[in-house]
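Now for the letters of each chain:
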Amino acid sequence: MDIPIEFRAMNLATARKSPSGVQVMNNETALYYARYLMKRAISAVKLTIPDTWDKDYVSYILFGYGYGVVVNVPRYGVIFQGCTLYGRNVYYQPTRALTANPLYSPPSQGWVIGKNCEVVKLQPDFCGMKDVVCTYAARLALAYEAWQMNTQNSKLAYVIGADGKSQSATFEKLFDKIQSGVPAVAVGQNLFSKDGKPLWNAFSSNLGQNYISPEISADMRSIMAEFDSFVGIPSNPNSTKKERQIVDEVNANNVETDTIIDLCVRTLNDGFSRVNKMFKLNCKAEKKYPLDVGDSGMEGSETE
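The model shown is predicted, which means the values in this text are computed figures rather than measured ones.

**Student:** Any chance you could explain the overall build of the chain here in plain terms?
**Tutor:** Within the chain one finds eight helices and 12 strands. Here the chain holds 304 residues, and 34% of them are scored as buried. Surface summary for the chain: the accessible area is close to 19900 Å², and the carbon and sulfur share equals 54%.

Laid out in structure tokens, this is it:
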């Protein structure tokens, strides 16, 4: 059961990590985008690991928690496990790992990094991609909410003032016939004054001015492209730019796209190299979308 917290306490608790009191992630829409983006981030790295390891488990541990440990247990052999790290050496790096699995017991002296286990991490700071995924998921959820509200509100086209139920029913039938495609609809004299002026006042909302769903959709595509560039998935760096792109712009986007994913792959392979040496394995990580940074593959100075 959740503890009731009033807004002042909530703002105090979240102000250190969020610039506002908007709780964006506590809804199914944001969680939907978070799940989707996490899978998208995982897809950017190709892992070569033993067939006996569960690839989904390994991927979600590395990208979600940021690190895991490879150990050798009598019943299951060499396996990858989620863990908690503790202890420190002279460089303030962890020296021991703690695993919690009811199907085996760790050695009596525990898991000692470099002696009977090795750590594999996604990034140098031992962090995964959860913070990045949640940040972009929140942005997409807010944009989707705005898109949904604008699309719903744009359905209202006309408001007609009528005098009495009889006249209201007449206008409803008139509008139904027009909407069904009838080219000409006849109405009675009771809808006009003696001098021939209509008795109704029609209010027409300016849908063209108020309908911003296409712009919101373009913003969502831009957010997705920004996320792709962050996690190493090639995307159009100028999806909203109408003029021609020069080669330098494409190369600059390649550098931006390759920066974080290159660091992740190098960090993973650094851990895998120690795992391979200790347990005689052949684990490695590769970029699924390798980019030849500095060479766009184009001869001219511009591209469409």
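**Student:** Looking at this structure, how should I read the sheet that holds strand E2 (residues 67-73)?
**Tutor:** Each strand in a sheet pairs with its neighbour through backbone hydrogen bonds, running either in the same direction (parallel) or in the opposite one (antiparallel). Pairing is antiparallel across the open sheet formed by three strands, whose spatial order is E3-E2-E7. Unpaired on one side and paired on the other, strand E3 (77-81) and strand E7 (117-121) mark the two borders of the sheet. Strand after strand, the sheet turns through a mean of 25 degrees between neighbouring axes, direction not considered. Summarising the sheet, E2 and E3 pair through five bridges and their orientation is antiparallel. Residue asparagine 72 lies in a different strand from E3, and its bridge partner there is valine 78.

**Student:** Explanation requested: the side chain of aspartate 228 in the structure shown.
**Tutor:** Checked against the element boundaries, aspartate 228 lands in helix H7 (residues 213-231). A residue is classified by how much of its surface remains accessible, and aspartate 228, at 5% relative accessible area, is buried. For aspartate 228, the contacting residues outside a window of four places in its chain are Arg40, Ile233, Ser235 and Thr257.

**Student:** Looking at this structure, I do not really get the packing of aromatic side chains. What am I missing?
**Tutor:** Any pair of aromatic rings gets described here by the distance separating the centres and the angle formed by the planes. For the structure on display, the rule yields seven aromatic pairs. On the basis of an interplanar angle of 65 degrees and a centroid distance of 4.9 Å, the ring pair of tyrosine 32 and tyrosine 33 is categorised as edge-to-face. According to the relative accessible area criterion, tyrosine 32 is partly exposed, its value standing at 45%. For the ring pair tyrosine 57 and phenylalanine 80, a centre distance of 6.4 Å and an interplane angle of 80 degrees mean the geometry is edge-to-face.

**Student:** I keep staring at the sheet that holds strand E4 (residues 84-86) and nothing clicks. Help me out?
**Tutor:** Taken in spatial order, the three strands of this open sheet run E4-E5-E6, and their pairing is antiparallel. With one partner strand each, in any of the chains shown, E4 and strand E6 (111-112) form the two edges of the open sheet. Pairing of E4 with strand E5 (residues 96-98) involves three bridges; the strand directions are antiparallel. Of the residues in E5, the one forming a bridge with tyrosine 86 is arginine 96.

**Student:** I tried to follow the nonpolar core on my own but got confused; where do I start?
**Tutor:** In a soluble, globular protein the nonpolar side chains are often hidden away together inside. In terms of nonpolar packing, the biggest core is built from 43 residues, with Leu47, Phe63 and Leu268 touching the most fellow members. Counting only elements with at least two residues in this core, the list comes to helix H2 (28-42), strand E1 (45-48), helix H3 (55-65), E3, helix H4 (130-153), H7 and helix H8 (247-279). If near-sequence neighbours (up to four positions away) are discounted, leucine 268 is found in contact with Val45, Leu47, Leu62, Val120, Lys121, Leu122 and Ala285. In terms of nonpolar packing, the next biggest core, distinct from the first, is built from 13 residues, Ile79, Cys83, Ala97 and Val119 among them.

**Student:** How should I be thinking about the packing of H2 against H7 in this particular structure?
**Tutor:** Helix packing for two helices is described by the angle between their axes and how far apart those axes are. Where H2 meets H7, the closest approach of the two axes is 10 Å, and the angle between their N-to-C directions is 40 degrees. Between H2 and H7, the interaxial angle falls into the category oblique. Of the two possible hands of crossing, H2 and H7 adopt the one that is right-handed. Residues Tyr33, Tyr36, Leu37, Arg40 and Ala41 of H2 pack against Met220, Met224, Phe227, Asp228 and Val231 of H7. Of the residues contributing to the contact of H2 with H7, the split by class is eight nonpolar, no polar and two charged.

**Student:** Looking at this structure, how should I read the state of the cysteines?
**Tutor:** Two cysteines, two sulfur atoms, one covalent bond between them: this is a disulfide. Under the defined criterion, the tally for this structure stands at zero disulfides. With no disulfide partner, cysteine 83 has as its closest neighbouring cysteine sulfur the one in cysteine 117, 7.7 Å distant.

**Student:** Honestly, the environment of isoleucine 113 in this entry has me stumped. Any pointers?
**Tutor:** With respect to the element layout, isoleucine 113 can be found in the loop between E6 and E7. Counting along the chain gives 19 residues from isoleucine 113 to proline 94, while the straight-line C-alpha distance between them is 7.9 Å. Those residues in contact with isoleucine 113 that sit more than four places away from it in its chain are Leu85, Pro94, Thr95, Arg96, Ala97, Glu118 and Val119.

**Student:** I would appreciate a short explanation of helix H5 (residues 165-179) in the present structure.
**Tutor:** Note on helix geometry: an α-helix contains 3.6 residues per turn, so any two residues three or four positions apart are oriented the same way. Its 15 residues give H5 an end-to-end C-alpha distance of 21 Å, which sits within 8% of 21 Å, the value for a rise of 1.5 Å per residue. Positive phi shows up at glycine 181, right after H5, with a value of about 105 degrees.

**Student:** Looking at this model, I keep getting lost on the pairing of E7. Mind explaining?
**Tutor:** If a strand is regular, its side chains alternate between the two faces of the sheet. Judged by how many residues are buried, E7 sits mostly within the fold: five of five residues are covered. Of the two faces of E7, both are covered, the one formed by Cys117, Val119 and Lys121 as well as the one formed by Glu118 and Val120. Sheet analysis places E2 next to E7, joined by five bridges and oriented antiparallel. Residue pairing in the sheet places glycine 68 in a bridge with valine 120 of E7.

Conventions used here
- Residues numbered from 1 in each chain as written.
- Predicted model: local features only at pLDDT ≥ 70, side-chain atom pairs only at ≥ 80, totals over all residues.
- Heavy atoms only, no water.
- Helix = DSSP H or I, 4+ residues; strand = E, 2+ residues; numbered from the N terminus.
- Buried < 20%, exposed > 50% of the residue type's maximum accessible area, 1.4 Å probe, protein only.
- Areas by Shrake-Rupley, 256 points an atom, 1.4 Å probe, with all protein chains shown as cover.
- Pairing = 2+ DSSP bridges.
- Axes fitted to C-alpha atoms, helices over the stretch in contact; angles between N-to-C directions.
- Contact = heavy atoms within 4.5 Å.
- Phe/Tyr/Trp six-rings, centres within 6.5 Å; stacked < 30°, edge-to-face > 60°.
- Core = buried A, V, L, I, M, F, W, Y, C linked by side-chain atoms within 4.5 Å.
- Parallel < 35°, antiparallel > 145°, perpendicular 65-115°, else oblique.
- Left-handed = near helix turned anticlockwise from the far one by under 90°.
- Nonpolar A, V, L, I, M, F, W, Y, C, P; charged D, E, K, R; others polar.
- Disulfide = S-S within 2.5 Å.
- Expected span 1.5 Å × (residues − 1).

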